[in-house]
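Survey of secondary and tertiary structure
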Amino acid sequence: VEQISLDEAFLDVTGSTNLFGSAEKIGREIKNRIKTETGLTASVGIAPNKFLAKMASDLQKPDGFVVITEENKQSILDPLDVSKIWGVGKVTARHLYDHGIRTVEQLRKSPLNYLQSILGNQAQDFLLLAQGIDNRPVEASREAKSISAEETFPQDIIDKNGLLEILFKQVEEVAARLREEKLEGKTITLKLRYKDFRTVTRSHTFENP
C-alpha cells in the first residue's frame, strides 16, 4: 500500500490474486466492505499501473468503479483533456492549448521533438503517460518530506478567531511531532479548502529553521 493523500492510496495486488481472486474482485470486495463497515462510498480504479489506476478512480467519483486495461486504455485516455495527465498543471496546459494540443490523443500523436520545443525535458514523460505507460512501482514506505495537520469540518467555519484557534492547535500538534522526531523545518505551508474543493495554499521559507 502506498498512501498518496489523506483518503487515497495505491494497492498493488500482484501477489494476492492467487489467494483472493482477480484485481477486479479484490477492488469490489474492498469497496463493499468500506460501505458496509463505515457507510462511506469509495471510488475504485483498477489498472495495470499507478497513472491509469489514479485516472480510473477519478473518472466516476464519488462512487465509481472503473477498470482500465491495456486493451481499452487508449480509448479512455484519448478524448480526455491534456490537463488530466499527471504533472500537467494550469500553466503547462495553457501552453499546450496555445500550440493546438488540447486532448491526450493530440499530445500522443505529436512528434517528440515538437513536444520538446514546447515542454522541454518533461516532453518524454508526458508522451509516455499519454500512451498509458507508467513504470513506477507502488512504494510501501517513503521518506517523509513534511509533517502536517489538517481537519475537515462538517459545517463551514467563517469566524476568523475560531479558525485561528484551530490553526494554533494544529501548529502545536506539528511542532510536537517535529520535536518528537528531532526534526526542524524551514518552510511553512498553509492550506485552505472550501466546500466546492477549491484549494488555496500559501507558503514561506525562512533562512533559518
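Only a predicted model underlies this, so the values are computations on that prediction, with no experimental measurement involved.

Focus: the pairing of strand 6 (residues 199–205)
Sheet topology note: the strand 5 (residues 187–193)/strand 6 ladder contains 7 bridges and is antiparallel. Paired with isoleucine 188 across the bridge in strand 6 is histidine 204. What sits between the antiparallel neighbours strand 5 and strand 6 is a turn of 5 residues, in which phenylalanine 197 has the positive phi angle 75°.

A few points about helix 7 (residues 112–119)
For helix 7, the set of buried residues is Leu115, Ile118 and Leu119. Seen along its axis, helix 7 keeps its buried residues to an arc of 75°; they face one direction. Those residues of helix 7 that are exposed and aimed more than 90 degrees away from the buried face are Asn113 and Ser117. Elements in contact with the buried residues of helix 7: helix 5 (90–98), helix 6 (104–108) and helix 8 (123–130). A positive phi of about 70° marks glycine 120, the residue just after helix 7.

With respect to the packing of aromatic side chains
For the structure on display, the rule yields 2 aromatic pairs. Ring centres of phenylalanine 10 and tryptophan 86 lie 6.1 Å apart, and the angle between their planes is 85°; this geometry places the pair in the edge-to-face category. Placement of phenylalanine 10 in strand 2 (residues 8–10) and of tryptophan 86 in the loop between helix 4 (73–77) and helix 5 is noted, with a sequence separation of 76 residues between them. Under the relative-accessibility criterion, phenylalanine 10 is labelled buried at 7%. Each ring, one from phenylalanine 51 and one from tryptophan 86, has its centre 6.0 Å from the other, and the planes form 50°; the classification is tilted. With a gap of 35 residues between them, phenylalanine 51 in helix 3 (residues 50–59) and tryptophan 86 in the loop between helix 4 and helix 5 connect regions that are remote in the sequence. Under the relative-accessibility criterion, phenylalanine 51 is labelled buried at 2%. A relative accessible area of 28% places tryptophan 86 in the partly exposed class. Ring-pair connections join several aromatic residues into one group, and the members of that group are Phe10, Phe51 and Trp86.

A closer look at the packing of helix 7 against helix 8
Between two packed helices, the angle of one axis relative to the other and the distance separating the axes together describe the packing. The geometry of helix 7 relative to helix 8 is characterised by a closest axis approach of 9 Å and an angle of 125° between their N-to-C directions. When the axes of helix 7 and helix 8 are compared, the pair comes out oblique. For the element pair helix 7 and helix 8, the recorded crossing hand is right-handed. Across from Leu112, Leu115, Gln116 and Leu119 in helix 7, the residues of helix 8 making contact are Ala123, Gln124, Phe126 and Leu127. Classifying every residue of the contact of helix 7 with helix 8 by side-chain character gives 6 nonpolar, 2 polar and no charged.

Structural notes on the nonpolar core
Among the nonpolar cores identified, the biggest contains 25 residues, and Ile85 and Leu107 are the most heavily contacted of them. Put simply, the parts of the chain that give this core at least two residues each are helix 3, helix 5, helix 6, helix 7 and helix 8. Ranked by residue count, the leading element in this core is helix 8, at 5 residues. Non-local contacts of leucine 107, meaning those with residues more than four positions away in its chain, are made with Val82, Ile85, Ile101, Leu115, Phe126, Leu127 and Ala130.

Some remarks on the pattern of salt bridges
Under the criterion given, the structure shown has 14 salt bridges. The closest approach of N and O atoms between lysine 61 and glutamate 8, which form a salt bridge, is 3.8 Å. Here the residue lysine 61 occupies a position in the loop between helix 3 and strand 4 (65–67), and glutamate 8 occupies one in strand 2, the gap between them amounting to 53 residues. Taking relative accessible area as the criterion, lysine 61 reaches 46% and is therefore assigned partly exposed. In this structure, glutamate 150 engages lysine 191 in a salt bridge whose closest nitrogen and oxygen atoms are separated by 3.5 Å. In this pair, glutamate 150 is assigned in the loop between helix 8 and helix 9 (160–181) and lysine 191 in strand 5, connecting sequence segments 41 residues apart.

Rules of the game
- Residues numbered from 1 in each chain as written.
- Predicted model: local features only at pLDDT ≥ 70, side-chain atom pairs only at ≥ 80, totals over all residues.
- Heavy atoms only, no water.
- Pairing = 2+ DSSP bridges.
- Helix = DSSP H or I, 4+ residues; strand = E, 2+ residues; numbered from the N terminus.
- Buried < 20%, exposed > 50% of the residue type's maximum accessible area, 1.4 Å probe, protein only.
- Arc of directions from axis to C-beta.
- Contact = heavy atoms within 4.5 Å.
- Phe/Tyr/Trp six-rings, centres within 6.5 Å; stacked < 30°, edge-to-face > 60°.
- Axes fitted to C-alpha atoms, helices over the stretch in contact; angles between N-to-C directions.
- Parallel < 35°, antiparallel > 145°, perpendicular 65-115°, else oblique.
- Left-handed = near helix turned anticlockwise from the far one by under 90°.
- Nonpolar A, V, L, I, M, F, W, Y, C, P; charged D, E, K, R; others polar.
- Core = buried A, V, L, I, M, F, W, Y, C linked by side-chain atoms within 4.5 Å.
- Salt bridge = Lys/Arg side-chain N within 4 Å of Asp/Glu carboxyl O.

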